[in-house]
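What the coordinates show
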Amino acid sequence: MSELWSLTDLKDVRVTDKYLDEAFHVDVKNLLNLDADRFLAGFRETASLIKGESPEETKVFMKSKSRYEGEWEDKLIGGHTMGHYLTAIAQAVVNTAATSDEHKRLQERLSYLIDSLKECQDKTIGTGEDGYIFGAGFPKQEFRDNPLLQFDNVEKGLGHPFDEAWVPWYTMHKILTGLNAAYKIAGNETALLVANRLGIWISNRTDRWDDKTHKKVLGIEYGGMNDCLYELYQINRELKENNSPLACLDYERFERAAHCFDEVELFEKILSGGKNLLNNVHANTTIPKFIGALARYEVNRSEERYLQYAKSFWDLVVNEHTYVTGGNSENEHFGEDGVLDAERTNVNNETCNTYNMLKFSRRLFAVTGNIKYLEYSARTFINAIVASQNHETGFTTYFQPMATGYHKVFNTFDGNFWCCTGTGYENFTKLQDGVFFREDGRLAIALYIAAEYENESYKVSVDCDFTRSGEVKIDITPKAGAKVNDDLWLRIPKWTQNGEAELSINGEKVEVSKKDGFIVIPKGKIADGGEIALLLKVGLSYESLPDGDNTYAFLYGPFVLSARLGTKKIATRPHGIAVVVSAERSVDTDLIKITSESSIKAFLDHIDDHLIKRPGEMEFDLTGTDKNLVFTTHYNQYKESYGIYWTLEC
Ligand SMILES: [Zn+2]
């Protein structure tokens, strides 16, 4: 397949689903309640130190505010949240679901952050570190004496997170991505100026690396530095082509710097195939590297091999390391190929990994047109991303346990600035991402949620709620004097039973014509608009794990189900660096003994008789076994401990 699709702009799509709309607003509320000056404190202190200002001047410049505490923002990874915060706010600014008051406050917040970062950057002019901005804490005097020490240490291969370097290039990736987003998504031109000057600082640094240094730098987590630099290169290249005065004249150096973060040796290893290539590999260090490989192909289509790298890595992760929700990893690491049941614990599925896999999948679909990427995206969106939020507080998960009996643990308002807190901010301001894709002459509905899309000539409103029925209603309305000039492509979800889908246009049943996993409605049939009704068959299904023959998860349509296991054993304990995890299981075992059928196969064949949906509710009673369990949709379980996977015996 060589068709190309483009993700529609965030500003053109609005999610109207009630649950998701609430999820957006509670995220925005938290974003606005956070103190911008505390996020800026580290950046201001760093800039002031680089300029050589007195402690008094520094204090004034910091507005007497200090970094947020909690072992992340006030330590060597400090400032990473600023990157996520910028991206999340930029996305929220263009989200038309925001109220006018929210919009105004978000817009002001974004301008304030960007203007303040520029003030910090201005202080570096003429210091020899022109363009550098960073916000990490100074746990020891030596970091104050040399604010660049973390980067120097990485070049020597020193990476102890408390004493030497806690992934400064990873943090830089977040910051540059946030600046790119502020310009690209929200149109803040100052953000581009700051990004370009920072890009020059970065490329001055990468230009100095000899082979030995280069290797050492790539040995320590650096996020998707290739991805954000290719993006900056692409932004400037387009501006240059349009003779815009905003373009950085020397923008080609960003592509050169980006390529310094392409780990070709790793890419080749994955492409060449083999057993257990990802065993003990840190998942969230590795996924962004391959998104960066894809980015190289996106900016230069002759780099076909980089697309192959990205595709082969995606296949490996999804086929060998992924749970039913779309998540991966145990204690942040991949294991052996296909070893998933044996690694179900309280620390599976770091939420950042899923955030990254979703971003990766949508972009892979855009360049390949392969429906498998959308299938994964749709499943992961609802069962891992929407599932990561506490719907009342808006706080989000770090890990999502796959062992039965644990619960979801969420960050707190101003205490846990984890990586997943930052990606969590982003997730809920871009719920409209990946719902629609468009390419000249075609519009695809990729994700079935209630949403609206509008372009220059028509508007599409999608209404559906698979917790109620399998019906998807699509209203297409041309604008005054315009025609609908796009064919409409409707993704056929894998979960629709036997691939069944009925279609009617303006009340008339029509023959379904399928292509590449979509139903295709030619523009001739909808040129003047119309009402489309798509009926999908929603029902129960089940999935196992490669190493767990009798271990099953149950689904209803697109929804992973989990058993409600109550609130009696909701205990937490610290884990890793100031992370908090679920500490107790509410069940001793996940064994279910079948009492009503002669075999596991018979039980599963008759699953509709054993997992009985209560009318009008998303509650399913398990019958014919030794356990009294009630299953419900997993995405909105945020209070109780839960069980997704159960081991059947007969
Ligand atoms: Zn994370």
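The following paragraphs examine the structure supplied in this document.

So, how was this worked out
- Residues numbered from 1 in each chain as written.
- Predicted model: local features only at pLDDT ≥ 70, side-chain atom pairs only at ≥ 80, totals over all residues.
- Heavy atoms only, no water.
- Helix = DSSP H or I, 4+ residues; strand = E, 2+ residues; numbered from the N terminus.
- Buried < 20%, exposed > 50% of the residue type's maximum accessible area, 1.4 Å probe, protein only.
- Pairing = 2+ DSSP bridges.
- Axes fitted to C-alpha atoms, helices over the stretch in contact; angles between N-to-C directions.
- Phe/Tyr/Trp six-rings, centres within 6.5 Å; stacked < 30°, edge-to-face > 60°.
- Donors = N, O, S within 2.8 Å, 3.2 Å for Na, K, Ca; no water.
- Tetrahedral: all angles 85-135°; square planar, octahedral: opposite > 155°, others 65-115°.
- Expected span 1.5 Å × (residues − 1).
- Polar contact = N/O pair within 3.5 Å; in protein donor to acceptor, adjacent residues only side chain to side chain.

Focus on unusual backbone geometry
- Within the chain, S64 stands out as a residue other than glycine whose phi angle is a positive 55°.
- Within the secondary structure, S64 is located in the loop between helix 3 (55-61) and helix 4 (80-93).
- Its relative accessible area of 58% is what places S64 among the exposed residues.
- Despite not being glycine, N349 has its phi angle at roughly 50°, a positive value.

Topic: the sheet that holds strand 10 (residues 508-510)
- Taken in spatial order, the seven strands make up an open sheet running 2-5-6-7-13-9-10, and their pairing is antiparallel. Each having just a single partner strand, strand 2 (13-15) and strand 10 make up the two edges of the open sheet. Going from strand to strand, the sheet's axes swing by 20° on average, the running direction of each strand aside.
- Pairing geometry for strand 6 (residues 458-464) and strand 7 (residues 471-478), over seven bridges, is antiparallel. Residue V460 lies in a different strand from strand 7, and its bridge partner there is I476.

With respect to the packing of aromatic side chains
- This model, assessed by the stated rule, comprises 46 aromatic pairs.
- Ring geometry for F290 against F313: centres 4.0 Å apart, planes inclined by 5°, an arrangement best described as stacked. Residue F290 is located in helix 14 (residues 283-299), and its partner F313 is located in helix 15 (residues 304-320); the two are separated by 23 residues in the primary sequence. Judged on exposure class, the residue F290 and its partner F313 are both buried.
- Ring plane angle 85° and centroid distance 5.8 Å describe the contact between F554 and F631, whose orientation is recorded as edge-to-face. Linking F554 in strand 15 (residues 548-556) with F631 in strand 22 (residues 630-633), this pair joins segments that are 77 residues apart in sequence.

Describing the sheet that holds strand 11 (residues 514-515)
- On the basis of which strands lie adjacent, the open sheet formed by six strands has the order 1-3-4-8-12-11 and mixed pairing. Across the chains shown, the open sheet's two edge strands, defined by having one partner strand only, are strand 1 (6-7) and strand 11.
- Here strand 11 runs beside strand 12 (residues 518-521); their pairing, made up of two bridges, is antiparallel. Within strand 12, the residue paired with K514 across the bridge is I519.

So, the coordination of the zinc ion
- Here the zinc ion is held by the protein donor atoms E350 (OE), C352 (SG), C419 (SG) and C420 (SG), which lie 2.2 to 2.3 Å from it.
- Angles of 95 to 123° at the metal separate the four donor atoms of the zinc ion, which places the site in the tetrahedral class.
- Taken in sequence order, the residues that donate to the zinc ion follow the motif E-x1-C-x66-C-C. Across the pair, exposure class does not vary: C419 and C420 are buried alike.

Digging into helix 9 (residues 189-207)
- Helix length check: helix 9 (19 residues) gives 27 Å between terminal C-alpha atoms against 27 Å at 1.5 Å per residue, within 8%.
- Among the residues making up helix 9, those that are buried are A191, L192, V194, A195, N196, L198, G199, W201, I202, S203, R205 and T206.
- At the N-terminal end of helix 9, a side-chain oxygen is found 3.0 Å from the backbone nitrogen of T190, two or three residues along, and the residue is N188.

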